[in-house]
Amino acid sequence: MYDLSRREFLHTAASVAAATSLPAWFLNEAQSAAPIAKNDEPLRLALIGCGGRGRGVAGQAARHGRMVAVCDVDDANLAEARKLWPDAAPFKDFRKLLEQPGIDVIVNGTPDHWHTLVNIAALRSGRDVYSEKPLTLTIDEGKRLVQVVRDTGRILQTGSQQRSEKNFRLACELVRNHRLGRLQHVDVWLPHGRSEGPFESRPVPTGFDWDMWQGQTPHAPFVTERAHVTFRYWWEYSGGTLTDWGAHHLDIALWGTGFERSGPASIEAQPLVEMIPGGFTAFSEYEVRYVYPNGVTQTCRSTTANAWNGTVLDPNGQQHGVKFTGSDGWIFVTRGKIEASDPELLTTPLPADALRLDVSDDHMQNFIDAVRSRKPPLCDAEIGHRSVSVCHLGVIALRLGRKLQWDAAREQFVGDAEADRWLSREMRAPWSYDSIG
Ligand SMILES: NC(=O)c1ccc[n+]([C@@H]2O[C@H](COP(=O)([O-])OP(=O)(O)OC[C@H]3O[C@@H](n4cnc5c(N)ncnc54)[C@H](O)[C@@H]3O)[C@@H](O)[C@H]2O)c1
């Protein structure tokens, strides 16, 4: 227990209390990105992956156009999407949907293990894509996706929408402009995952194409918990909350440190739980330590104060978010909240010649503007790939159980052929980068 003097206590309490809202100078700036004029034809949209998030984000896209097609491997979720868009043509196979003319934009709300193949097929077919995060299942997928975006000249926005929230942009702009003096350490807290099990296999529900749902991943008997929503807690389909929430908060850490198009130099990690055989496979609690090439250290820990979806379980516990600590103080930022060790760190305006980050206050609007202007969106494929690479590196270190050195320029481990084998995964036939058009 720290023994704070009364003055220190009052100062600390006042700092936190006074600094939890956005400062006036930042709000008053005419920084909001103006939407591109709506003088074009409405966009023709299609949704692939009609679960909760797919339908939600497609609803945002539908403010800018007309939903002409929807696709899901499960009739139940396809039916939910058709309630929202009764005129949209239904598909169970995304390849058939992509063969249709008259579609400009794909919204990809599939689970993580399907993101890349759907995205690559959509880009190759000439469509622009809004893809949910985490952008990929492996680092190799990300390298290929970035190349396809370059080759096709199409637009891809990664659904890491925290970059379109003012709190996060303010925190990263201040850190990038040395408001904290010399940046020393970044703490990232992510909601803990789930550790139940073992689970029983069951008959595949009617109307659910379980083989297609599994796609490139190893075949497994149907288990309800492997599929909708809880796929996140299996290594086979995702990386637990380290990728699910890491794609948000580790993305912000990269934005703030400025390593957003490169990455860390070393990674080591420990699981903090044992998982139950036959249950969820991705470690639900963990600690990962990174060192950036400039010596800045970063710790990413799961916290039990938040449920998997961010809901507060323990208001007195450590909440998920990102804390930047430098020689002159700290800034903590999370959804809807920014705090600092001293309020003046936030309330003092940045100088006129400060480095400013790209502005977006609406992630979908930013994507639509990119589609119209053909200029890169805020979270282009490389940003999404580099951010999820930090998550994947953490997962690889957790699973290998030893310290790894990473060459972010070559996107390979340093002198470590065993670790390099984790950069890609064998795809189950018939799936491959060439099988999808
Ligand atoms: N940006 C955010 O804040 C945010 C929030 C929630 C979820 N997400 C992401 O959105 C994605 C979906 O999450 P969810 O919670 O909606 O999952 P979900 O399981 O509810 O939905 C996924 C849907 O995709 C369908 N699907 C699977 N394979 C398919 C294929 N080959 N073709 C067509 N449909 C297919 C499934 O049947 C299911 O209906 C995940 O990658 C998740 O990380 C992002």
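Preceding this section is the structure that the text describes.
What you see is a predicted model; the values in this text were computed from it and never measured. (Residues numbered from 1 in each chain as written. Predicted model: local features only at pLDDT ≥ 70, side-chain atom pairs only at ≥ 80, totals over all residues. Heavy atoms only, no water.)

Q: Help me get a handle on the pattern of salt bridges, residues and values and all.
A: Close approach of charged atoms allows side chains of opposite charge to pair. Summed over the entire model, instances satisfying the criterion amount to 32 salt bridges. Across the pair Lys133 and Asp244 runs a salt bridge whose closest N-O atoms are separated by 2.8 Å. In this pair, Lys133 is assigned in the loop between strand E5 (128–131) and helix H7 (139–152) and Asp244 in helix H10 (residues 241–244), connecting sequence segments 111 residues apart. For the pair shown, Lys133 and Asp244 are each scored as buried. As a salt-bridge pair, Arg301 and Asp187 come within 3.8 Å of each other at their nearest N and O atoms. Of this pair, Arg301 sits in strand E10 (residues 297–303) while Asp187 sits in strand E7 (residues 183–191), placing them 114 residues apart in sequence. Several salt bridges share partner residues, and in doing so they unite Asp187, Glu268, Glu287, Arg289, Arg301 and Lys403 into one network. (Salt bridge = Lys/Arg side-chain N within 4 Å of Asp/Glu carboxyl O. Helix = DSSP H or I, 4+ residues; strand = E, 2+ residues; numbered from the N terminus. Buried < 20%, exposed > 50% of the residue type's maximum accessible area, 1.4 Å probe, protein only.)

Q: Describe the nonpolar core, listing the residues and the values that go with them.
A: With 103 residues, the main nonpolar core has Phe94, Leu97, Ile106, Leu242, Cys300 and Phe324 as its most contacted residues. Broken down by element, the residue count for this core peaks at 10 residues, all from helix H14 (residues 381–400). Sequence-distant contacts of Leu242, that is, excluding residues within four places in its chain, are made with Leu190, Ala247, Leu250, Tyr286, Val288, Cys300, Cys391, Gly394, Val395 and Leu398. Cys50, Tyr130, Ala370 and Val371 belong to the second-largest nonpolar core, a separate cluster that totals 22 residues. (Core = buried A, V, L, I, M, F, W, Y, C linked by side-chain atoms within 4.5 Å. Contact = heavy atoms within 4.5 Å.)

Q: Now, about helix H6 (residues 112–124): what can you tell me, with residues and values included?
A: The first and last C-alpha atoms of H6 sit 19 Å apart over 13 residues, in line with the 18 Å expected at 1.5 Å per residue. When you tally the buried positions in H6, you get 12 out of 13 residues, the bulk of the element. Residues of H6 that are buried include every one of Asp112, His113, Trp114, His115, Thr116, Leu117, Val118, Asn119, Ile120, Ala121, Ala122 and Leu123, and no others. (Expected span 1.5 Å × (residues − 1).)

Q: Tell me about the site of the ligand, and please be specific about residues and values.
A: Not every one of the 28 residues close to the ligand is listed here, only the nearest: Asp72, Asn77, Asp112, Gln161 and Val229. Between the ligand and His248 there is a distance of 3.3 Å, counted from an oxygen atom to a side-chain nitrogen or oxygen. With the chains in place, 94% of the 850 Å² that the ligand exposes on its own is no longer accessible. If you list the elements that add at least two residues to the shell around the ligand, you get helix H3 (52–61) and H6. Considering every element that reaches the shell around the ligand, the biggest residue donor is H6, with 3 residues. Within the shell around the ligand, the residues separate by chemical class into 9 nonpolar, 11 polar and 8 charged. (Near = heavy atom within 4 Å. Polar contact = N/O pair within 3.5 Å; in protein donor to acceptor, adjacent residues only side chain to side chain. Areas by Shrake-Rupley, 256 points an atom, 1.4 Å probe, with all protein chains shown as cover. Nonpolar A, V, L, I, M, F, W, Y, C, P; charged D, E, K, R; others polar.)

Q: Just give me the short version of unusual backbone geometry, but keep the residues and values in it.
A: Following Lys133, the chain continues into Pro134 via a peptide bond in cis, with omega recorded as -20 degrees. Pro430 follows Ala429 through a cis peptide bond whose omega is 10 degrees. Here Pro430 lies in the segment after helix H15 (417–420). Positive phi values are uncommon outside glycine, yet Arg374 reaches one of about 65 degrees.

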